[in-house]
Structures are given as C-alpha cells and as structure tokens.
Amino acid sequence: MYGNKIDNLIKMREQGLPVPEFRILRFGDLVDEGAWRNEVTKSKGKLTDPGKLRACLKPDWEETVRSAADDKDGLFAVRSSCNLEDGEDYSFAGQFATFLNVQREELSQKVLLCLESLLQESVLKYLEQSGANAASLQMNVLVQDMVQADRAGVLFTANPQGILNESVIAVGRGLGEGVVSGGSDVTTYYYQRTNQLYYYEGREALLSNAEVEELIDLSKRLEDKFGPWLDVEFAFQDGKVFVLQVRRITTIQGDHPLILDNSNIVESYPGLSLPLTISFVEMVYGGVFKGVSRRVLKNEKELRKHEDVFYHMVGHANGRVYYKISNWYAVLKFLPMHQKIIPVWQEMMGVRQKGYDEEDVKLSSMVRLMTYFNSICELLSVPRHLKQLEKTFGKVNQEFYANYREDLTPKELIGLYQRVKEQLLDAWDVTLLNDLNTFISTGLVKRRLLKRHPGDEAYANRYISGISNIESMKPVRALIDLAHDYPGLTPGEREERKKVYVQEYGDRNLEELKLESKTFRSHPEILEEKIREYQADPKRLERLWQELHQEREKAVKEDWITRFLGKRCAAGIAGRERSRLNRSRVYGMVRLIFGSMGKYYAKQGSLQDPEDIFYLTIDEAFALADENVTRAEMTQGNDGRMEPEASRLDVQRTIEERRASYELFSQLPAYGRLVFEKQEFDKRHERVNAFQRRREAGTLQGVPCSAGEVTAPALVIQSVKDAKDVSDKILVTRMTDPGWVFLLTTAKGVISEKGSLLSHTAIISRELGVPSIVGVENLLETVKTGDLLHVDGNTGKIEIIGGR
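The rules behind the values
Residues numbered from 1 in each chain as written. Predicted model: local features only at pLDDT ≥ 70, side-chain atom pairs only at ≥ 80, totals over all residues. Heavy atoms only, no water. Helix = DSSP H or I, 4+ residues; strand = E, 2+ residues; numbered from the N terminus. Buried < 20%, exposed > 50% of the residue type's maximum accessible area, 1.4 Å probe, protein only. Contact = heavy atoms within 4.5 Å. Axes fitted to C-alpha atoms, helices over the stretch in contact; angles between N-to-C directions. Left-handed = near helix turned anticlockwise from the far one by under 90°. Nonpolar A, V, L, I, M, F, W, Y, C, P; charged D, E, K, R; others polar. Salt bridge = Lys/Arg side-chain N within 4 Å of Asp/Glu carboxyl O. 1 Å grid on protein atoms, 1.4 Å probe; cavity = no way out; pocket = protein on both sides within 12 Å on 5 of 7 lines; lining within 4 Å. Points joined across faces, edges and corners; volume = space filled by probe spheres on them.

**Quick word on the environment of Gly254**
Then comes step 1: Summarising the element assignment, Gly254 is placed in the loop between strand 10 (240-248) and strand 11 (258-261).
Then comes step 2: Taking relative accessible area as the criterion, Gly254 reaches 16% and is therefore assigned buried.
Then comes step 3: Each C-alpha atom, one on Gly254 and one on Val675, is 9.4 Å from the other, the two residues being 421 residues apart in sequence.
Then comes step 4: Leave out the neighbours within four places in its chain, and Gly254 touches Leu164, Trp229 and Glu677.

**As for the packing of helix 17 (residues 382-403) against helix 19 (residues 429-452)**
Then comes step 1: One can describe the packing of helix 17 onto helix 19 by two numbers: an axis separation of 10 Å at closest approach and a directional angle of 140°. Note that helix 17 runs across helix 19; the crossing there is left-handed. From helix 17, Val382, His385, Leu386 and Leu389 reach across to helix 19, where they touch Val430, Thr431, Leu433 and Asn434.
Then comes step 2: Taken together, the residues of the contact of helix 17 with helix 19 sort by class into 5 nonpolar, 3 polar and no charged.

**Brief notes about unusual backbone geometry**
Then comes step 1: Of note in the backbone geometry, Trp229 takes a positive phi value of approximately 65° without being a glycine.
Then comes step 2: Along the chain, the position of Trp229 falls in the loop between helix 9 (209-226) and strand 9 (230-237).
Then comes step 3: In the Ramachandran plot, Glu511 falls in the positive-phi region, its phi being about 50° despite a non-glycine side chain.
Then comes step 4: Tracing the backbone shows Glu511 in the loop between helix 22 (491-505) and helix 23 (525-535).

**Some thoughts on the pattern of salt bridges**
Then comes step 1: Going through the model one piece at a time under the given rule, you end up with 44 salt bridges.
Then comes step 2: Between Arg247 and Asp231 there is a salt bridge whose closest N-O contact spans 3.1 Å. With Arg247 in strand 10 and Asp231 in strand 9, this pair connects stretches of sequence that are 16 residues apart.
Then comes step 3: Since its relative accessible area comes to 16%, Arg247 is described here as buried.
Then comes step 4: Look at Asp231 and you get buried, because its relative accessible area is 12%.
Then comes step 5: Where Glu406 meets Lys599, a salt bridge forms, and the shortest distance between an N and an O atom there is 3.4 Å. Residue Glu406 is located in the loop between helix 17 and helix 18 (410-423), and its partner Lys599 is located in helix 25 (residues 560-604); the two are separated by 193 residues in the primary sequence.
Then comes step 6: Accessibility expressed as a relative area gives 42% for Lys599, which makes it partly exposed.
Then comes step 7: Connected through shared salt-bridge partners, Arg295, Lys298, Glu378 and Asp429 make up one network.

**Focus on empty space enclosed by the protein**
Then comes step 1: Summed over all chains, the structure comprises 5 cavities of 30 Å³ or more.
Then comes step 2: Taken together, 34 residues line the largest cavity, and the ones lying closest to its centre are Tyr285, Val288, Trp328, Leu432 and Asp435.
Then comes step 3: Breaking the lining of the largest cavity down by element, the ones donating at least two residues are helix 10 (265-268), helix 11 (275-297), helix 14 (325-332), helix 15 (338-349), helix 19 and helix 25.
Then comes step 4: For the lining of the largest cavity, a count of residues per class yields 24 nonpolar, 5 polar and 5 charged.
Then comes step 5: By volume, the second largest cavity amounts to about 80 Å³.
Then comes step 6: Lining the second largest cavity are Trp36, Val40, Gly45, Leu47, Leu118, Leu119, Leu124, Leu127, Ala134 and Leu137.

**Looking at the environment of Val147**
Then comes step 1: Looking at the secondary structure, you find Val147 in the loop between strand 4 (139-145) and strand 5 (151-156).
Then comes step 2: For the pair Val147 and Phe76, spaced 71 residues apart in the sequence, the C-alpha separation amounts to 8.2 Å.

Below is the structure:
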C-alpha cells in the first residue's frame, strides 16, 4: 500500500512489537499524481529536474507536513518509503533519502528532499538495470519519533554470505549511521540459531548476553510475521530496544540448502581435523557409499546418475568434519521401506533435526523392485561378507608391515598406499551395511521392549546398552594386564610385551581416525606414559584388573522373540566393533605412510617440519613427490613448472596460511549443524572473541546408557589437550571416540552431548560399570570444568549442584 517499509511498520505496531511512534505522509497527499505521471511520461521515464517535481506539489503540502508533527516535542527521523522499495522484485537499496535528528521547522525541507530522491541519477540507472517502470514510482514519507539511541545497528536473520541458520548482528555506538557507512567502530555478533552459540568480532562487546538473546527472540517473532531471512534495523535507548524497519534479504533464496550435520561423525572426528585427514575422509566415504549403492542398485547406469552424491557424503567447514546430511537421505532412499528405515537411522545416529525432503529418488519400477531383492540378499549376506573382509584385512595387514620401512621413497610409499586402498578401502562398504543391519535390529528390539514394558524407556535403553560386545574392551584389558604384570617382568619381557601390544592395539587411542593424532604405534613413548599412569595408583589398578576379569552380568531375560532380535543386534554390534578396531589399524597404516613421507620431504627441504605434511591434502602430498610442484599446481592442477626453490617456497606459504586459518578455527564455537544456501565455506575473521552462552545452573536430561549414580567434579574435554588428570572426574564432552576407553577406566562417569545407544560411550561405559548419559542438549554451553555434578545413569538426569 505505502511500500514495504511503512507497511511493515504498520504490521509490527498492530502486533505490539516495539516500534517508535510514526506518522505517514502519502505521496498523493503531497503531490498531484496526475501531473506527476504527465511529467514522467514527457521525460520518457528519465525525469531528473527537481523543479518539475516541485511544480507538481499540492498547494497545501506544507500544511500536511506540519500536521504530522502537531503536539509532538523533540526530534524526528524522516525516511523515504518508495512503493516499490524493499520488495520481492526490487530492493532500491541505499537509493533514497533518510534524515535523522530533524527539528520541527526542518520537516518540510527534509520531506521535500525525500521526494526529490526519486530523481537521482542512481535511481534512473537502477530503473534501467532492473526494468522497473518509472511512471509507477511513488514516494511516501515516514515521520518517526527520533530514538536517541546509545547503540544501534542491523540484524540479519540469516548470514547474507549464505549461512541460513546463522544470524548476524552488526552494532555500533550512537545512532548506528556508521554501521552501514563503515564510518564508526562496529562489533559484529554471529549467532548460530541451531546450537544457540555465538561469538563476536570487534574491539568491544557492545551487547550483553541478555540483549543478544532479546534481539534473537525479537527476530524470531518478526520471522513469524514476515517470513525468513530478514534485514532488521534496531536501536537501544536506555536499555529498551526499538525496531526501526524490517525488510527481506532479497539476495537469499534458500530453496535447496546444503546441510552439514555432525551427528555421529563427531564421534570419529571430534574437534578440528587437518587437511590431510579431511581429504582422506572424503575419499573413504565417497568410495564406501558408492559401494553400498552398487550393491543395492546393481545398475551402473543408475549409479552414474547419482555419482555426484556419493562423492559428497561428507563436507567440512572451519576445520571440522560433517555429514552432508541431505546426501545421506538421498542414498537411504535407494533402500526399500526407507520411510521406516530413516527414523530408525536418525535415532541410532543421534540426529536431532528430523525433517528431510521426503520426495523419492526417481527410479524406474523395475529398478525399485530390484532394490528390494538386492537389499534383502545383501543384508542376509553381511555376516559372510564381514568375515571375508576380516580375512582380507589380516592378509593386507601382514603384507603391509612386511613391506613397510620408514626410509621408503615417496613413490614407494604412494605405491604402498594404493595397494591398501584397492584391497581394503574399496571393500569397506560392507561395514556400512552391517551398521544399517545393526540399527534396524536395535530399533526393533527397542520397539519390542516398549510394547512389552509400556512407558519404561529407561528399561529399554538399559537392556539395549547391555547387548554390547567385549571387542572394544580388548585394548584396555590388554593394557591393564600389561600394567598389572609390569613390576614382575624383566626389562626384556617388558619390551617384548610392549612390542606385542603395539602390534595388536597400537593404533587405538584418542582421536585415532585423525591422521595427525599421536598413537602408541607412531609415538611408543605414549604407551610407557600410560603404563606409569596406571601404576601410580596400585590399589585402583588392582581393582580395575579384578573388575575386568569378572564374569559379565547377564542381560535380563526376555521372551524368545526379544532374545532372537537381541542376538541379531549383538552380532551386529560385535561385527561393528571388530570393523572399527580394524579401521583404526587401516588408518594406522595410512598414518605411517604419510608420517614417513613428511620426514622424507623435510629432509629434502620441501617441508620445514615433518608435521607440515598434515596441512596438505592427499593429492598435494603426492604431487610433492615430483619435487617441483608449484602452489598453483596443488590448488588448480596446472601443468607449468618452476624451479624447486620457488616450488618449496609456495608449498610452505600454503602451509603457513592454513596454520593461520586453523588458529582462527580453534577460536570458533563447535557447531553441530550448519545450513548453507549453496556451497559450504570457511569463516574468515581478523579477530574473534569466542563467546558461548551459559545457561543457569539446574537440571539437564539425556539418554541413560549405563546405570549407577555418582557425584563428582566435571572435567570438560574439548580436545585431546584437555584429557589430563581424568581420575575421579565426570567427563563432559561433545562425543567420545573408541580411544576414550583408556580415559573411562579411571573416570567416575561420562556425559556426552552427542551419541546414541550404540555409541562408544554407551558400549564401553557399560562394560566398565561407569555411569553414562548421552544425547544431552546444550551440554558444553551449560557445564564447565569444576562444576559439581550429580549424574544418575539410571534415569538420564544430571544435576548441577554448584559451580567452581
């Protein structure tokens, strides 16, 4: 009616939202519209003469303006509001006039200048470029009571760079003019709406935590009224917030977003992962999912149609690894009864945002029918294929260590890598089918238990947690046996026992699936440290040794159907744990290959430090084998050559730039889900002031996995560096990985933000008798190191008794 600027203010006022008092001066009340259209027509839409517009003013236009300020004291804001401005088709951003701190006697002059802003050359150019009709333009004027703001700015409900679940608040001191013009210091807040985390960039924190939350809550109310992706101008005066105007962000579409979600994968890749690991993970997942789809479809033509999906199953942003969750759904839709399978998969993976595009993948009726037959055959064949994979692994593992030497050349190491990839990684897809089989079995067991024990979900969770397997416990049991026997061994026996341990379990450690991580195999001194750690408390060591050699408590008896499903579930979990242990060994081989490659390149002068290899991708590391690679070749694949000295300089510059980026990434909050408008990208900032919301102390709730109650101090573990002195602490983390088994042996309890009944937290804590709870929302934003916690592993309830 008046243009979106005024129309939106009217709607906000009607909704009781905090807007300043305002009056509207209609174009038709100020200007003779017929005369105006004649002038625009005569100028062929290129009217720029202010005199022509003034000639169209109504005789009483100034009286009309004065009436807008009747009985009003103070200053005013005078804002243009073109009828086509801020619309779906045309934005006219920054084209029209706005005046602040206007006195009553200046109103007529400023209103006239708003009208005349229709005639600017920039407006004519915009009309030509956008195809808008000049004759249809009308300029209404808004007269607002002036908000004498101490702080003001702009809130984007979606990051205009293309992150749909991140709001951006740019705020400055005073009236906020410098926020848009760049003429004053601005502090910018980046608020992740899914995880309710934020950080800011700027010289000072201009908003309190409560004010940030107030703005976010206000933006949600505005989205309820005006739809998503808004640009909101706001101002604070004496602690009260006002909305000055709201418009759509016209540059964002968001029809086909790219969703990154770290559900479950954060168990394998917690925290930051370096480029070498990321490139390896992307290659592995692409091959595994293509292999599974080949087994289900058995149709190369259909397979080629979806090849882009298979090779983009995982992504990365800000140095963290995520699932590209929409591509997972696309692959799952190949399966028969995927509508039933997907909810089970979501629960087992710990996916919290359950919504997804339910449109089926387009397959012909015959191909769809064959997927039913193929899927059933493949799922029934999983145990046989797993045994074959384990047999193949044993052979490849033996051959690898028979051929591996640390002094191999890069070319020889590349050959060794290719053999491991072709023989093992290309056949690893069966483990994913086993996971799916296990998820389905577990879901059926839980459904059966809830039917037999209505409403008792805690019992169902405890029963499922008890269907675990001791495979995950073998590394820690062997280590505790070694530490227990150590005092009675001769030096020679000690070395032999340590050698055998490293051969069997040397690749199992914290963050073992990151190639840059240190393991017992790559750094044997860590094993010696762990043995000393256990021996430091002989009584605890003896108690652990006794507990690990006790017969396990038998699961509660159930009816034969439940026991049958439970056996299938147990078999799946056993296969899953064995394949995970072997997976850590495969990663151990790859770690050795690239570790040796890094040492070779450092010795040749291509790298300054052997550890620099982890800041390159696989292709870049392989390209260095030529010793003449340029930085351009690494990133773009060009064929040009440079002298070796220039090549090494460029390689090192790339590494230094990536190190600097990772310094920034380490300061950013760890997001569980990122929703990009198009392609994912990394954040770039000069300065980051990390800032996470902490909620009031109270009670949290999660999924109980291992029974028992305990009260102890919390130790928050965000990375391996935090895993110091875990004895008698309740470990608080976003997610555990298989290597956590070594930490849980001395901890009082464990709580994780992510996870499900089949996560390592659940399985290992049950084996060790350590109370555990998974799936606790906002855990790391609520609990801090030193907080005294009471954890009830029977009910999933966590009480924060007191702070540090």
